[in-house]
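Below, each chain spelled out in residue letters.
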Amino acid sequence: MAHLIHLKKNQCRRTEAWDPDQKLAEALEQRARFLDQYPQYQPFQNEIDTILDKAGSPENRMTVLALLIEAKLIELNTELKHLNRILLSMPAEGSGVS
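Please read all numbers here as calculations on a predicted model, not as lab measurements. (Residues numbered from 1 in each chain as written. Predicted model: local features only at pLDDT ≥ 70, side-chain atom pairs only at ≥ 80, totals over all residues. Heavy atoms only, no water.)

The helix and strand tally for the protein chain stands at three helices and zero strands. Along the chain direction, N to C, the helices and strands of the protein chain fall in the order α-α-α. Burial status across the protein chain gives 7% buried among its 98 residues. Per element, the accessible surface of the protein chain, about 9600 Å² overall, is 59% carbon and sulfur. (Helix = DSSP H or I, 4+ residues; strand = E, 2+ residues; numbered from the N terminus. Buried < 20%, exposed > 50% of the residue type's maximum accessible area, 1.4 Å probe, protein only. Areas by Shrake-Rupley, 256 points an atom, 1.4 Å probe, with all protein chains shown as cover.)

The structure is reproduced here in structure tokens:
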């Protein structure tokens, strides 16, 4: 027997219009707070800003961001594999090997 799914319409209506300029300002403030808290990431942010300044169109900027994220994920994966090799080469606890 087929089950029926009843979807409720969102009862909450937005009272204020979506303002992209406001969202951008909030995102930039959040980024500034993050970089204040973690200044070691400022050089990486500068690199991102420099690359995006040269990207041109919004589509190119999104492509550049995707490539940067992919490169960092590959780098992270490489480091995780390295860590895994180190952990696997360690003797197991309680195995009697010192």
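Counting five residues, the largest nonpolar core consists of Ile48, Leu52, Ala55, Val64 and Leu68. Listing elements by their share of this core, those giving two or more residues are helix H2 (42-53) and helix H3 (58-89). Contact partners of Leu68, with chain neighbours within four places excluded, come to Ile48 and Ile51. (Core = buried A, V, L, I, M, F, W, Y, C linked by side-chain atoms within 4.5 Å. Contact = heavy atoms within 4.5 Å.)

Once that is clear, we can look at a negative patch on the surface. A cluster of acidic residues, Glu16, Asp19, Asp21, Glu26 and Glu29, forms a negative patch at the surface. Mapping Asp21 onto the fold places it in helix H1 (residues 20-37). Residue classification places Asp21 among the exposed positions, given a relative accessible area of 59%. (Patch = residues over 30% accessible without salt bridge, like charges linked within 9 Å, V, L, I, M, F, W, Y side chains within 5 Å. Salt bridge = Lys/Arg side-chain N within 4 Å of Asp/Glu carboxyl O. Lys, Arg positive; Asp, Glu negative; His and termini not counted. Charge placed at Lys NZ, Arg CZ, Asp CG, Glu CD.)

Before going further, it helps to spend a moment on the packing of H2 against H3. Helix-helix packing is characterised by the crossing angle of the two axes and by the distance between the axes. For the pair H2 and H3, interaxial distance at closest approach is 9 Å and the crossing angle is 145°. At the point where H2 passes H3, the crossing takes the right-handed sense. On H3, the residues that touch Phe44, Ile48, Ile51, Leu52 and Asp53 of H2 are Arg61, Val64, Leu65, Leu68 and Lys72. Counted by class, the contact of H2 with H3 contains seven nonpolar, no polar and three charged residues. (Axes fitted to C-alpha atoms, helices over the stretch in contact; angles between N-to-C directions. Left-handed = near helix turned anticlockwise from the far one by under 90°. Nonpolar A, V, L, I, M, F, W, Y, C, P; charged D, E, K, R; others polar.)

Another point: the pattern of salt bridges. Scanning the model with the defined rule gives two salt bridges in all. With a shortest N-O distance of 3.5 Å, Asp49 and Arg31 are connected by a salt bridge. Here the residue Asp49 occupies a position in helix H2, and Arg31 occupies one in helix H1, the gap between them amounting to 18 residues. With a closest N to O distance of 3.3 Å, Lys72 and Glu75 form a salt bridge.

This paragraph deals with H2. With twelve residues, H2 extends 16 Å from end C-alpha to end C-alpha; this agrees with the ideal 16 Å at 1.5 Å per step. Among all positions of H2, only Gln45, Ile48 and Leu52 are buried. The buried residues of H2 occupy an angular sector of 60° when the element is viewed end-on, so they sit on one face. Summarising the geometry of H2, the exposed residues directed more than 90 degrees from the buried face are Pro43 and Asp53. (Expected span 1.5 Å × (residues − 1). Arc of directions from axis to C-beta.)

Time to look at the packing of aromatic side chains. All told, the structure shown has three aromatic pairs when counted by the stated rule. Aromatic pair Phe34 and Tyr38: ring centres 5.0 Å apart, planes at 45°, arrangement tilted. On the basis of relative accessibility, which here comes to 39%, the residue Phe34 falls in the partly exposed class. Plain terms: the ring middles of Phe34 and Tyr41 are 5.8 Å apart, the flat faces sit at 20° to each other, and that makes the pair stacked. Judged by its relative accessible area of 41%, Tyr41 falls in the partly exposed class. By way of ring pairs, the aromatic residues Phe34, Tyr38 and Tyr41 are connected into one cluster. (Phe/Tyr/Trp six-rings, centres within 6.5 Å; stacked < 30°, edge-to-face > 60°.)

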